[in-house]
Amino acid sequence: MMFRTLLRLLLLWLAMTSTGHTAPAESFDFEGNVPLCNALATGRETNIINASDRSALVLTLYCDNVDAGKAEPTFLLNFLKQHQSFFDRVDGMFFSIGSISFTRALCQSIRTPFFHVRIFSRGDGWLGDLTSCLPEGEYQSLTKVVGVEDLKSFHPKYLALSSGGEGWIYVSSGNPSTRASTVLDFNLTIATPTDSVLFLWHQCVTRMFDAYLGGIGSATLNDRYKLCRLPPDPSQLVAPMLMPFDSDQYLSEVAFWAGKAKRIRIASQAYNSTPIMQIMKRAVLSGTTVQYLRDDDILLSLHRKELELGNKYEEYFAWDEQLCAPNTEVRFLLTKPEVSFLHAKFMIFEGDFGRTVIFGSGNATYSAIHQNIENNYVSTNPELNMHFSKYFDSLWQNYAMNQGNWEYFAKDIGPYRNLELIELDECRGKPAK
Amino acid sequence: MHLFEPPLFLGSCLFVSAIDYIFSKNIFCIYFRINLLIFIVKLNIGDKQLRVFKKFLICSYATSLWVAMSCSVFSQEPIRVLSWNIENFHHVDAYSYRGAIGTWRSDGDLRLVERIVANNYDLIFLQEASGKLATSVLVGPAYAVLSTEEYEATIDSAPTTDTDVYPFIAVARHHGPRLLSSKSFTLSAADDPASQSRDLQLIIVEGLGVKTGLLHVHLEHSCATTLESTRAACRRMNAEFRLIGEIVADRVDEVDNFIILGDFNRALLDPRLAGWRETSAPWIADLIPVPPCTLRPSSEIIDFIAIAKLSPEISIAYIEPTFFNLAALAKPQRISDHCPIAFQLIRPPSAQENE
């Protein structure tokens, strides 16, 4: 009797689920990189950290060149190695490609003959590596990007790969380089049909750059992008945007979700966007909690040296000082300049609506919104957003520290000895929180 | 591991149901399976092992029945079809995809186009779209978009300054008939050395208990009423009609219904072409013209539903456009220069009773 009841319930459930009119579900594989280095524990790096403190998790982000030497883009490599001689179409754009392991793995993941391979990136070495290992195929376009109109930087990071009707989008805040694993980046693959808008958008954008970089036609990039631009569509659970052409849409998304959020969490390599700061400030004044992660380099910015991250002391005045409030909190990640650093870029908005994440290759900076080619996304997909939330939580709770804790560790660290330590308290000179 | 331990048991259930489904995809088998399922459920078995086997059979057949019922092979719902030449359609407003011959649609125009297309159709045939992205944006994620080999080859080649439009078919993912096959056809190099003609698309679907072939066409323009001409465009158009004839002859026996639809760019109802039709398009058993609308001021009808074969159990009926008043548009030319046609394949009640 019980079995029959269960059978009836099963049939009822199956009948209900068979009438849905939704698109095929996208699935995700996500990794938020937390480098586990031990430069400060082994003594490779001169330091006077107390022995009792050396096992602290917050110090494991501090990598040296020994760690960096074995820091291949393992997430991407593993994904490609799982798909040997598999992909028939590949489209991709990166700020830089610096790993021969990546180019070889990419070549081995492409089937013979392929339909097309289009890869565009700055830098030199990758071009020869990839050209020499690609199998036979119908069309390949590999171009070293030197300059793009009067824009500041070609800074996208994605791959769109397909086999028949199956497609995958790889998106990261990082590049496939030999220090990929010592940099704090997220890596993400989205499995999606090749006729999904998300997949087609990436193909369209890459093809648009193929024409532009190949000197085909004379239209501006802004006009060319009208081939690919997507209208705002709330039903699109992961909606892509190309900066700077979608900057209005990007800022309006940030403002929309910030206006509804009870808590906002941000990770960015740098912060200097006035519009984003103003949106955050308005949210903070409305009672929203804002938490943001910073690399610690800004704390040493009084030094005249131009740090590799482009973080500048001025950021403090453009961002932190503006956001001083009891419901704002910043935490720092203790990393070694030029080896390990916070490079992830995403914002998590949470409220009664659930959770929305804006992520991609673009930082919370003026350049990323108005001067660079960047691929950003708005995600209302709960599964994907949970990954970002867990990643932020991990960094925030286990690896980041506030100003006081940072000083405790940083003042003793050898490589920082010659840099002038500054006090960065977003509420400096103002009433205590 | 014992055969009836849960993991193997469930795996076996799924395996058997998959085999069952693959080899019995028609209504008769579904009725058969329903009766078999009832029979097995009612079986009074004493032996413990056999009782578990009974559960195994019930699980298998229930699963396969669900799979079969979830596809519309089983369904008697009409198959709703839209065919439309949306002139140079691109999904971005204030942008002319094809320059001087394109359209500058406003956001409102694009919303109206969406309204015409969004009427719960099972199959949507669009004759002029800039690409798969534009089509996917228009029809939304509930549809799979099928393109031609010609279009895919364009995507897989070096970009050029040329901008063209292509035919696309959107197939509803979760309702309507089941897609059995899809293929595109191109003219031979001898008939079309510069590859200027668009590919034809043939899909075969299964629904209403029958198989239907739908050949999507957007034929060569400039020869709507020309009887004889040595112009290249007219030669290509005549070659396209020959190709359609070959496709129909080759595939018509596979299906119960065979329909050719789209923009023929040929005034097939023109009395002057009656003789031409007999020799060049003998496969036209019946012809349904696209109803005139305000989008196309010309009285020359060139969009059709041509029927090469229709099962006696199936009939075709117009779907009255209810989207909005096209005549009230200030600039209808920005929507399209062609009228859409919506129709449905239905199984009349009398045909259902005869089963």
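Residues numbered from 1 in each chain as written. Chains lettered and ligands numbered in written order. Predicted model: local features only at pLDDT ≥ 70, side-chain atom pairs only at ≥ 80, totals over all residues. Heavy atoms only, no water.

Novice: Sorry, what's going on with unusual backbone geometry here?
Specialist: What is expected of a backbone is that most residues other than glycine have negative phi and most peptide bonds are trans. Here Thr112(A) and Pro113(A) are connected by a cis peptide whose omega angle stands at -10°. Mapped onto the fold, Pro113(A) is located in the loop between α5 (100–109) and β3 (114–122). The amide bond that connects Met243(A) to the next residue, Pro244(A), takes the cis arrangement and shows omega of 0°. Here Pro244(A) is to be found in the loop between β9 (238–243) and α9 (247–260). We note that Ala94(B) has phi near 55°; this positive angle belongs to a residue other than glycine. Tracing the sequence through the fold places Ala94(B) in the loop between β1 (79–84) and α4 (107–117). The exposure class assigned to Ala94(B) is partly exposed, which follows from its relative accessible area of 43%. At Asn265(B), a residue that is not glycine, the phi angle is positive and equals roughly 50°. Among the structural elements, Asn265(B) can be located in the loop between β8 (257–263) and α8 (274–280). (Helix = DSSP H or I, 4+ residues; strand = E, 2+ residues; numbered from the N terminus. Buried < 20%, exposed > 50% of the residue type's maximum accessible area, 1.4 Å probe, protein only.)

Novice: Looking at this model, I keep getting lost on the side chain of Lys132(B). Mind explaining?
Specialist: Here Lys132(B) lies in helix α5 (residues 132–139). On the basis of relative accessibility, which here comes to 11%, the residue Lys132(B) falls in the buried class. Residues in contact with Lys132(B), not counting those within four places in the same chain, are Asp195(A), Leu200(A), Val145(B), Ser147(B), Tyr151(B), Glu152(B) and Phe168(B). (Contact = heavy atoms within 4.5 Å.)

Novice: Is there a simple way to explain the confidence of the model for chain A in this structure?
Specialist: For any part of a model where pLDDT is low, the fine detail of the predicted coordinates should not be relied upon. Residues and elements named next belong to chain A. When the pLDDT values of chain A are averaged, the result is 89; 88% of them are 70 or greater. Contacts of residues 12–22 to residues separated by more than four positions or lying in other chains number 10 contacts, the stretch itself having pLDDT below 50. In this model residues 302–309 is a low-confidence stretch, pLDDT under 50, and it forms 17 contacts with partners more than four residues away in sequence or in other chains. (pLDDT = per-residue confidence, 0-100.)

Novice: Any chance you could explain empty space enclosed by the protein here in plain terms?
Specialist: Summary: where empty space remains is shown by rolling a probe the size of a single water molecule over the atoms. Residues and elements named next belong to chain A. On inspection of all chains with the given rule, the structure shows five cavities of 30 Å³ or more. Here the largest cavity is characterised by a volume of approximately 70 Å³. If you trace the largest cavity, you find 14 residues lining it, with Tyr-250, Lys-345, Phe-346, Met-347 and Gly-362 closest to the centre. Looking at the lining of the largest cavity, the elements that each hand over two or more residues are β10 (263–267), β13 (346–351) and β14 (354–360). Of the residues belonging to the lining of the largest cavity, the class tally is eight nonpolar, five polar and one charged. (1 Å grid on protein atoms, 1.4 Å probe; cavity = no way out; pocket = protein on both sides within 12 Å on 5 of 7 lines; lining within 4 Å. Points joined across faces, edges and corners; volume = space filled by probe spheres on them. Nonpolar A, V, L, I, M, F, W, Y, C, P; charged D, E, K, R; others polar.)

Novice: Explain the layout of surface pockets here, please?
Specialist: Taken as a whole, the largest pocket spans an internal volume of roughly 1,000 Å³. Lining the largest pocket we find 39 residues, and of these Arg207(A), Tyr97(B), Thr160(B), Asp162(B) and Thr163(B) sit closest to its centre. The dominant element in the lining of the largest pocket, judged by the number of residues it contributes, is helix α7 (residues 197–213) of chain A, at six residues.

Novice: I tried to follow the sheet that holds strand β4 (residues 166–172) of chain B on my own but got confused; where do I start?
Specialist: Strand pairing in a sheet relies on backbone hydrogen bonds, with the paired strands running either antiparallel or parallel. All names here are of chain B. On the basis of which strands lie adjacent, the open sheet formed by six strands has the order β3-β4-β2-β1-β12-β11 and mixed pairing. Across the chains shown, the open sheet's two edge strands, defined by having one partner strand only, are β3 (143–146) and β11 (315–318). Geometrically, the sheet is characterised by an average inter-axis angle of 25° between neighbouring strands, direction not taken into account. Along the sheet face, α4 touches β1 and β2 (123–129) and points at about 145° away from the line of β1. (Pairing = 2+ DSSP bridges. Axes fitted to C-alpha atoms, helices over the stretch in contact; angles between N-to-C directions.)

Novice: How should helix α13 (residues 382–399) of chain A be read in this particular structure?
Specialist: Each α-helix winds once per 3.6 residues, and so residues spaced three or four apart point in a common direction. An ideal rise of 1.5 Å per residue puts 26 Å on 18 residues; α13(A) measures up with 25 Å between its terminal C-alpha atoms. Capping of α13(A) at its N-terminal end is provided by Asn381(A); its side-chain oxygen lies 2.9 Å from the backbone amide nitrogen of Glu383(A). (Expected span 1.5 Å × (residues − 1). Polar contact = N/O pair within 3.5 Å; in protein donor to acceptor, adjacent residues only side chain to side chain.)

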